[in-house]
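Okay, here's what each chain looks like letter by letter:
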Amino acid sequence: MAAAPGSGGGLALALVSAMAFGLAGPLGKPLMDAGWSPATVIIGRVLVGALVLAPATLVLLRGKWQLAWSQRWPVLAYGVLAVAGAQLCYFQAVTRIPAAVALLLEYMGVVLVVLILWARTGRAPAVLTLVGMATAVAGLVLVLDLRSTGLDPVGVAWGLAAALGLATYFLVSSSVDREMPAVAVAGLGMLIGGVTLVVAGLLGVLSLSASTAPAAVGTLPVPWWVGLGLLGAVTAGLAYGSGTMATRRLGATVASFVGLTEVLFTALFGWLLLGQHLGPAQLVGGGVVLGGIVLVRLQEARELRAATRASSTA
């Protein structure tokens, strides 16, 4: 899918989104260290993000609630599959397989985006896109520094289910009716996703626990509600809002590949805030991921120029 006309600023928004998503681990870990279960951190993050976007969502949908109702199925898919499903499946995967492997499997959603668009349009991806895809995935393997053996097949299945949720995020964000404000899609989607996760917790699918002990952001101890507020506002409200706007401008393919930089930002913030070591392989892998993204972006730009020339000729 070529970038849509008027995609200016899309790349910057996508990078902001990836950077915000990349802070999820470094901001969420202090809460977990303080006694919060991973599931409770995820639920708090999503619901606070929905609350942050609520004023903008209400203003943008004023007089457009009929439009929102007409887009209920894409928005429901966004909330249930892209927000709740991806995180629930990843959470289940890491109980059985190493977190790095689970993350790699989730990011196979980028490959799914290319394959689903291929099936939907009947147009095979260009060679440059395929090369960029292979390059980016190879770089991702280096960044995650996989050293595990004997993977649990059930854990792998959960990881691949998370990939489907990630692919849904990019596909719905790019294809929902353009009259429906992107921020409203993110706001409603997170509300639906948060409620879905709460229900999963009440049914016993997720383990829920929390604490009022202070959390440490970097070296600074802060009240739990400050830590949760930062987590929700930045890694959910800002991340999903800017990411949905970016995907609408760039298209699902380019946006999903730029989204791979989330892993690089996670490693960077883990080093800055948590003192986690970055090895040579991870640094090289980061460069390889960026190279793959550049290749995909070049192909999309080439297709956009070709489409513009054809339109001008016509």
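Structure's up top.
The structure contained in this document is the topic of the report that follows. Keep in mind that what you see is a predicted model, and the values were worked out from it rather than measured.

About the thresholds
- Residues numbered from 1 in each chain as written.
- Predicted model: local features only at pLDDT ≥ 70, side-chain atom pairs only at ≥ 80, totals over all residues.
- Heavy atoms only, no water.
- Helix = DSSP H or I, 4+ residues; strand = E, 2+ residues; numbered from the N terminus.
- Rg over C-alpha atoms; globule rule 2.2 N^0.38 Å.
- Areas by Shrake-Rupley, 256 points an atom, 1.4 Å probe, with all protein chains shown as cover.
- Patch = residues over 30% accessible without salt bridge, like charges linked within 9 Å, V, L, I, M, F, W, Y side chains within 5 Å.
- Salt bridge = Lys/Arg side-chain N within 4 Å of Asp/Glu carboxyl O.
- Buried < 20%, exposed > 50% of the residue type's maximum accessible area, 1.4 Å probe, protein only.

1. As for the overall build of the chain
- Along the backbone of the chain there are 14 helices and two strands.
- Whereas a compact globule of 314 residues would reach a radius of gyration of roughly 20 Å, the chain reaches 19 Å, a difference of no more than 12%.
- For the chain, the spread of C-alpha atoms along the principal axes amounts to about 65 × 50 × 35 Å.
- Split by element, the accessible area of the chain, about 13,900 Å² in all, is 71% carbon and sulfur.

2. Things to note about a nonpolar patch on the surface
- On the surface, Leu-47, Leu-191, Val-195, Val-199, Leu-203 and Val-205 cluster together to form a nonpolar patch covering roughly 510 Å² of accessible area.
- Ranked by the residues each element gives to the nonpolar patch, the list is headed by helix H10 (residues 182-202), at three residues.
- Mapped onto the secondary structure, Leu-47 falls in helix H3 (residues 38-60).
- Taking relative accessible area as the criterion, Leu-47 reaches 33% and is therefore assigned partly exposed.

3. A word on the pattern of salt bridges
- A complete count under the given rule lists two salt bridges for this structure.
- Among the salt bridges present, the one from Asp-33 reaches Lys-29, with a minimum N-O distance of 3.1 Å. A residue pair is termed a helical-turn pair when its members lie 3 or 4 positions apart in one helix, as Asp-33 and Lys-29 do in helix H2 (residues 24-33) at four residues.
- Asp-33 gets classed as exposed once you look at its relative accessible area, which sits at 56%.
- Between Arg-96 and Asp-152 there is a salt bridge, with its nearest N and O atoms 3.1 Å apart. Pair noted here: Arg-96 is in the loop between helix H5 (72-94) and helix H6 (99-106) and Asp-152 is in the loop between helix H8 (127-144) and helix H9 (153-175), with a separation of 56 residues, a long-range link.
- Since its relative accessible area comes to 45%, Arg-96 is described here as partly exposed.

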